[in-house]
Amino acid sequence: MNGNGIFCRRLDFSTFNRLPRNMLNSYHVKIEDEGNHGNDETRSFILSSLAAQNQSRVNCVLCSDVMLVFDRYPLVDGTFFLSPKQYNKNAVEVKNEGRVLFLNAVCMKCLDGKDADRKLCCRFCATQWDGSSLIMGTMYAYDVFAAMPCCNERLKCNSCQKALMMPHQRLNYYSDYSRKVTCPHCASVEYHFVKPLALHYTRQWP
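Here is what the cut-offs are and how they apply
- Residues numbered from 1 in each chain as written.
- Predicted model: local features only at pLDDT ≥ 70, side-chain atom pairs only at ≥ 80, totals over all residues.
- Heavy atoms only, no water.
- Helix = DSSP H or I, 4+ residues; strand = E, 2+ residues; numbered from the N terminus.
- Buried < 20%, exposed > 50% of the residue type's maximum accessible area, 1.4 Å probe, protein only.
- Polar contact = N/O pair within 3.5 Å; in protein donor to acceptor, adjacent residues only side chain to side chain.
- Salt bridge = Lys/Arg side-chain N within 4 Å of Asp/Glu carboxyl O.
- Phe/Tyr/Trp six-rings, centres within 6.5 Å; stacked < 30°, edge-to-face > 60°.
- Lys NZ or Arg CZ within 6 Å of the ring centre and 35° of its normal.
- Pairing = 2+ DSSP bridges.
- Contact = heavy atoms within 4.5 Å.
- Axes fitted to C-alpha atoms, helices over the stretch in contact; angles between N-to-C directions.
- Disulfide = S-S within 2.5 Å.
- Core = buried A, V, L, I, M, F, W, Y, C linked by side-chain atoms within 4.5 Å.

An unreviewed UniProt entry annotates the protein chain as Headcase protein isoform X2 of Sipha flava.

Here it is in structure tokens:
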């Protein structure tokens, strides 16, 4: 799978030099296929989804920076993630496990949040969102923002605003936060943990 030739071939890994030395490894940056003979399902899924829309670039959902998509790992200078929410107009609609989702992306600079103008802080508890633990150049099959609730505000029903669970409780899997749940108070069924970024975070980009 080469995306009909619309994707770039990465010449080196110099763009990742901003990372600390201890993160310049395959644990933090995806560099190899999982399958034999270059037949990697995740890579094929991403490239075929983008190629179908003739899209060889993606925008960071936080800062809107344009990122090239490459034909081999690392696929992007950041990471992809699937969400039931389309965070920007360039996020491609895809089908995964029978669900309609959107292929979103976050750039490397916004993931680590080191630059003062890249910090993403909760409007309610002031906790900074930290994506530095996410593996770069690949894709997560869940919403990476929903999967890291920092306070009770992120655990409230989108309809009645009552708590869906106790403050100390957490769901079993990160992906559970990206699925529909039923509110025990108003019986509303939706993606309650997937919140609009502007509603729950302050973004200090240029």
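Turning our eyes to something else, we now look at the side chain of T79. Here T79 lies in strand β3 (residues 78–83). Taking relative accessible area as the criterion, T79 reaches 0% and is therefore assigned buried. From its side chain, T79 meets the backbone oxygen of I135 in a polar contact 3.1 Å long.

Here the focus is the pattern of salt bridges. For the structure shown, the criterion picks out four salt bridges. R10 is the partner of D77 in a salt bridge, and the nearest nitrogen-oxygen pair spans 2.9 Å. Remark: R10 occurs in the segment before α1 (41–52) and D77 occurs in the loop between β2 (66–68) and β3; sequence separation between them is 67 residues. Of the two residues, D77 and R10, both sit in the buried class.

Inspection of the entire model under this criterion finds eight aromatic pairs. Aromatic pair Y177 and F193: ring centres 5.2 Å apart, planes at 75°, arrangement edge-to-face. Here F193 lies in the loop between β9 (189–190) and α3 (197–200) and Y177 lies in the loop between β7 (139–140) and β8 (181–182), a separation of 16 residues in the sequence. Residue class for Y177 comes out buried when judged on its relative accessible area of 3%. For F193, a relative accessible area of 2% gives the class buried. One aromatic cluster in this structure is built from F81, Y87, W129, F145 and Y201. In this structure, R10 is placed above the aromatic ring of F70, and the distance from its NZ or CZ to the ring centre is 3.9 Å. When the ring centre of Y73 is taken as origin, the NZ or CZ atom of K30, which lies over that ring, is 5.2 Å away.

Pairing is mixed in the open sheet, where four strands are placed in the order β4-β5-β3-β7. Here the strands that pair on one side only, and so sit at the sheet edges, are β4 (92–96) and β7. As paired strands, β4 and strand β5 (residues 99–107) are joined by five bridges and run antiparallel to one another. Within β5, the residue paired with V94 across the bridge is L101. Packed on one face of the sheet, α1 meets β3, β4, β5 and β7 and runs near 140° to β4.

In the structure shown here, the tally under the stated rule is zero disulfides. Summary of cysteine pairing: C151 is not part of a disulfide, and the nearest cysteine sulfur, belonging to C122, is at 3.8 Å. Residue C157 stays outside any disulfide, its sulfur separated by 3.7 Å from that of C186, the closest cysteine. Given the relative accessible area of 0%, C157 is considered buried.

This next bit is on the nonpolar core. In this structure, L50, L62, F80, V106 and F145 are the most contacted members of the largest nonpolar core, which totals 55 residues. Secondary structure elements with two or more residues in this core: α1, β3, β4, β5, α2 (108–112) and β7. Excluding residues that lie within four positions of it along the chain, V106 makes contacts with C60, V61, L62, M67, G78, T79, F81, L111 and F145.

What follows is about the environment of P149. Relative to the elements of secondary structure, P149 occurs in the loop between β7 and β8. With 27 residues separating them along the chain, P149 and C122 place their C-alpha atoms 9.8 Å apart. Not counting the four nearest positions on each side in its chain, P149 is found in contact with R154, L155, R170 and Y177.

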